[in-house]
Amino acid sequence: MIEGATILEASTAWILLGLFSVLWVALGYWWGRKAKSLSGFMLAGRNVGLALGAATAVATWVTSNTTMLAPQFALQMGIWGMLAYSTASIGLFLFAPMAQRIRQLMPEGFTSAQFVRLRYGRWAWAVFMGISLFYALTWMISMGIAGGLLIEALSGVPYLMGTTVILAVCTAYTVVGGLRAVIGTDFIQSLIILVGVVVVAIATLNAVSLDEVYQQVANNRPALLDVMLHVAVMAVFKNLLFGLGEVFHSNVWWSRAFAMRDGVGKKAYMLGGLIWLPIPIAAGFIALAAPALGINVPQVNMVGPLVAGELLGQAGAILVFVVVFSSIASSIDSLLAATSDLITTDIVAGLLWKGASEEQLRRVSVWVILGLGLFTWGICGLEDPNLATILFRAGPFVGSAIWPIAAGLYWKQASPGGAVAAMVLGSASGLWAYYELGWYTAALIGTGVSMLIVVSARILKPATFAWEALQQPAHTSTDKVSSDKVQADTLLSDTMLSPGVSKSADSENVPEKLSHES
Amino acid sequence: MAAGLCLWWASLASAAPRLSLEGDSQAGHVTLSWQPSEGTLDTPSYQVQEASSEGFGEARTVYEGTHTASVISGMPDGVTFYRVRQQGQRGWGDWSETASFRVEHPSAQSALTLFAFGAFIFMATAAVIVVGNRREAVEQAEAKGDP
């Protein structure tokens, strides 16, 4: 721990951890007590309204990275760095119409992987599951590690204690309340985060004028104001595409699209993006003001908390601590729920236990959440700081999924073979670029190669997909589905095993037949 | 044993902190961190200087205080030199060994090429979604109008 970053007494931190732990678990229990059915537990009864929908999008997207990394981007890359981080909101803006489309195409859908399986077949599903699970687990682990490290840095509470409390609390209320608890707590957490960032930004503006900030930076670090700071220019689209990839593929966002009431998804994601957009800009401004305030930054990701602690004293330190706790909790709970959905519906119900009833799967889901929490805690307990940075290598993987998802939702001609090749070769080339060309090229190259393959496959060997095939009942309700449909479902998946076969009569007819049966 | 004692005595006599740095030479930022000289009992104050020449002809103090690290960003191309000293009961001690950091920003050509490449991919992606939604809206309107 670097001396100079601690802003809060450990005893105060323990009281705050205790209070908010009790609050989140109690609220989770209260909101989730009615979640008896599987879709009630996993998708909040598919009845989430605009306010909760927008709040959960904001809270989930405000991770510890937003409150810690956005100021770091501004401090390291100046104005462009601040704007580059805020481009992550474009992921939410573009996902807004996609959320509406997803809800229309799959009114009974459960997961993003289910879409990929029905749209492209099992090979694409397998690759996509690999990407999704890698991303979700590394995100969750990085949040667990960040939680422990930040709590230790802010207050001196030992790393393992902080990590354990955060993971245990999030796992507890997700287990008792499912997505209802996650979305409900997200609402409160998003309010806390917004208030915290606004209060610190206002306190900063009261302490130092924009002119002073500008003069200080212009005199001492003029490169931070340079619109042609090359590395920052490179980071703009790298960051934007990383953000698009994260939102487009992750079941965290898909599960919310399924959970929102009909007609709500588009508005909720647009509103969520609008509310999220100024947060990294405000956080970045706080970082740029640090030199004008005479604040030394001993640890690059601690600039935000240090400014808050300096300007607002003990109250600011408490505020920052609660904001950090809320931002990490709001991401971990969402990841626990969404990843559990993936494992329960796509792996357990889809592969391992096809005849499981909804009640049985509801119980499986609880055990999966517990297992994920325990697994994450075990990895975080290794105390290897390099683990937290693995997430940054996910850029090529998630970038390679952008085009298969977007084209799969809008182009009938997008083919299974193209999707598989796009994800595999996009990931491989992006990873190669990460190590050979530099970190700022990875997501760009991965997405670019993936795009080229999807477009080429559409031109050279177009498929003809029937959208009705996406309206099949999920694996989760196989107990209610006739054996004919289950067989047809299997047949559909099998026909999609081979790239390009979907132009054949079988693959064209099976979805239509299914839709009539439905 | 004797060699160890000699080293310890030498470091105590010079009373200079140990300076290390870690940064991204392409992005132009560096984190300086330093350890107090051996035998330091209280929390000392430190002074950190940077200069563009090894002789510290036009040195600039970038930090003075009790922290043991400092982040410097927005650095221009070229080599920057750093040194640190600590204040004890007898005033300022010796300067540490000099540490240097070379910054070499990527070329404007590569930055703009990647920017343009990224912009193209983004616009193409957005076009798929926007056009797809517009087409869907038209189809739905036609379906509603069709008895």
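Each chain has its residues counted from 1, running along the sequence as written. As they are written, the chains are lettered A onward and the ligands numbered 1 onward, keeping that order. Two thresholds apply to this predicted model, a pLDDT of at least 70 for residue-level local features and 80 or more for giving and counting side-chain atom pairs, whereas whole-chain, interface and lining totals are computed over all residues. The basis for every side-chain value is the complete set of non-hydrogen atoms in the structure, without hydrogens or water.

**Student:** Could you give an account of the state of the cysteines, naming the residues involved and the relevant values?
**Tutor:** Structurally, a disulfide amounts to a covalent bond that connects the sulfur atoms of two cysteines. All names here are of chain A. We call a pair of cysteine sulfur atoms a disulfide when they lie within 2.5 Å. Across all of its chains, the model carries zero disulfides over all chains by this definition. Residue Cys170 stays outside any disulfide, its sulfur separated by 11 Å from that of Cys380, the closest cysteine. Residue class for Cys380 comes out buried when judged on its relative accessible area of 0%. Residue exposure (1.4 Å probe, protein chains only): buried if accessible area is under 20% of the type maximum, exposed if over 50%, otherwise partly exposed.

**Student:** For the interface of chain B and chain A, give the residues involved together with the corresponding values.
**Tutor:** Any two residues whose heavy atoms approach within 4.5 Å are treated as being in contact. Contacts between chain B and chain A engage 44 residues on the former and 47 residues on the latter. Among the residues of chain B in contact with chain A, Leu114, Phe122 and Ile129 of chain B are the three that bury the most area, contributing 15% of the side total. When a carboxyl oxygen of Asp or Glu lies within 4 Å of a side-chain nitrogen of Lys or Arg, that pair is called a salt bridge. Joining chain B to chain A, the criterion identifies two salt bridges. Of the charged contacts in the structure, one is a salt bridge between Glu50 of chain B and Arg221 of chain A, with a shortest N-O distance of 3.5 Å. As used in this structure description, the phrase polar contact means that two N or O atoms lie within 3.5 Å; if the pair is within protein, one of them must be able to donate a hydrogen and the other to accept it, and residues adjacent in sequence are counted only when both atoms belong to side chains. Seen at the junction of chain B and chain A, the total is 14 residue pairs in polar contact (both at pLDDT 80 or more). Numbering of helices and strands runs from the N terminus; a helix is a DSSP stretch of H or I covering at least four residues, while a strand is a stretch of E covering at least two. Elements with a minimum of two residues in the side of chain B that touches chain A: strand E2 (29-35), strand E4 (60-65), strand E5 (69-72) and helix H2 (108-145) of chain B. A total of 21 residues in the side of chain B that touches chain A trace back to one element, the largest contributor, which is H2 of chain B. Here the side of chain B that touches chain A is built from residues that sort into 22 nonpolar, 18 polar and four charged. Accessible-area loss on putting two parts together, using a 1.4 Å probe and summing over both, is the definition of buried area adopted here. We call Asp, Glu, Lys and Arg charged. Ala, Val, Leu, Ile, Met, Phe, Trp, Tyr, Cys and Pro are nonpolar, and the rest, Gly among them, are polar.

**Student:** Provide a residue-level description of unusual backbone geometry, including the pertinent values.
**Tutor:** Residues and elements named next belong to chain A. In this structure, Ala44 takes a positive phi of about 50° despite not being glycine. Inspection of the secondary structure puts Ala44 in the loop between helix H2 (38-43) and helix H3 (50-61). Looking at Ala44, the relative accessible area reads 6%, which means it is buried. Despite not being glycine, Arg46 shows a phi value in the positive range, around 50°.

**Student:** So what's going on with the packing of helix H5 (residues 88-105) of chain A against helix H16 (residues 395-410) of chain A? Which residues, and what values?
**Tutor:** Residues and elements named next belong to chain A. Helix axes use the C-alpha atoms of the stretch in contact, all axes being lines fitted to C-alpha atoms, and the angles between their N-to-C directions lie in the range 0 to 180 degrees. Their axes nearest at 10 Å, the elements H5 and H16 cross at an angle of 55°. Classified by the angle between their axes, H5 and H16 sit oblique to one another. When you trace H5 past H16, the crossing you get is left-handed. Here Pro97, Met98, Arg101, Ile102 and Leu105 of H5 lie close against H16, whose contacting residues are Ile405, Leu409 and Tyr410. For the contact of H5 with H16, the class distribution of residues is seven nonpolar, no polar and one charged. Each angle receives one of four descriptions, namely roughly parallel if under 35 degrees, roughly antiparallel if over 145, roughly perpendicular if within 65 to 115, and oblique otherwise. Here a crossing is taken to be left-handed if its near helix is turned anticlockwise relative to the far helix by less than a right angle, and right-handed if that turn runs clockwise.

**Student:** Run through the pairing of strand E8 (residues 99-103) of chain B, naming residues and quoting values.
**Tutor:** A regular strand places its side chains so that they alternate between the two faces of the sheet. Residues and elements named next belong to chain B. Side chains Ala99, Phe101 and Val103 project from E8 onto a buried face, and the interleaved Ser100 and Arg102 project onto a face without burial. As judged from the five bridges shared by strand E6 (residues 78-88) and E8, these two strands associate in the antiparallel manner. Across the sheet, Tyr82 pairs through a bridge with Ala99, a residue of E8. For two strands to be treated as a pair, DSSP must find at least two bridges joining them.

**Student:** Break down the confidence of the model for chain B for me, citing the residues and quoting the values.
**Tutor:** Interpreting fine coordinate detail is not advised for predicted regions of low pLDDT. Per-residue confidence from the predictor is reported as pLDDT, a score between 0 and 100. Residues with a pLDDT of 70 or more make up 88% of chain B, whose mean pLDDT is 84. The low-confidence segment residues 1-13 of chain B (pLDDT under 50) makes seven contacts with residues lying over four places distant or belonging to another chain.

**Student:** Residue-level account of helix H14 (residues 303-352) of chain A, with values.
**Tutor:** The span one expects for a helix is its residue count, reduced by one, times 1.5 Å. Taking 1.5 Å per residue, 50 residues should reach 74 Å; H14 of chain A reaches only 48 Å between its end C-alpha atoms and comes up short. Helix geometry: H14 of chain A is bent most strongly at Leu312 of chain A, by close to 145°. Throughout, the bend at a residue refers to the angle made by two axes, fitted to the seven residues ending there and to the seven starting there.

**Student:** Could you give an account of the environment of Trp254 of chain A, naming the residues involved and the relevant values?
**Tutor:** All names here are of chain A. Inspection of the secondary structure puts Trp254 in helix H11 (residues 251-259). Given a relative accessible area of 0%, Trp254 falls into the buried group. For the pair formed by Trp254 and Val165, sequence separation is 89 residues and the distance between their alpha carbons is 28 Å. With near-sequence residues (within four places) excluded, Trp254 lies in contact with Phe95, Ile102, Thr111, Ser112, Phe115, Val247, Phe248, His249, Ile405 and Leu409.

**Student:** Now, about the sheet that holds E2 of chain B: what can you tell me, with residues and values included?
**Tutor:** All names here are of chain B. Reading across the sheet, the three strands line up as E1-E2-E5 and stay open at both edges, with antiparallel pairing between neighbours. Pairing within the sheet leaves two strands with one partner each, and these edge strands are strand E1 (18-24) and E5. Averaged over neighbouring strand pairs, the angle between their axes works out to 15° when direction is ignored. When E1 meets E2, the two strands line up antiparallel, connected through seven bridges. Counted as the bridge partner of Gly23 is Val30 from E2.

**Student:** Requested: an account of the packing of helix H7 (residues 122-155) of chain A against helix H15 (residues 358-380) of chain A, with residues and values cited.
**Tutor:** Residue and element names in this part refer to chain A. Packing of H7 against H15 brings their axes to within 9 Å, and their N-to-C directions diverge by 60°. Classified by the angle their axes make, H7 and H15 are oblique. For the element pair H7 and H15, the recorded crossing hand is right-handed. Together, Leu137, Met140, Ile141, Gly144 and Ile145 of H7 and Leu372, Phe375, Thr376, Ile379 and Cys380 of H15 make up the contact between the two elements. Across the contact of H7 with H15, the residue classes tally to eight nonpolar, two polar and no charged.

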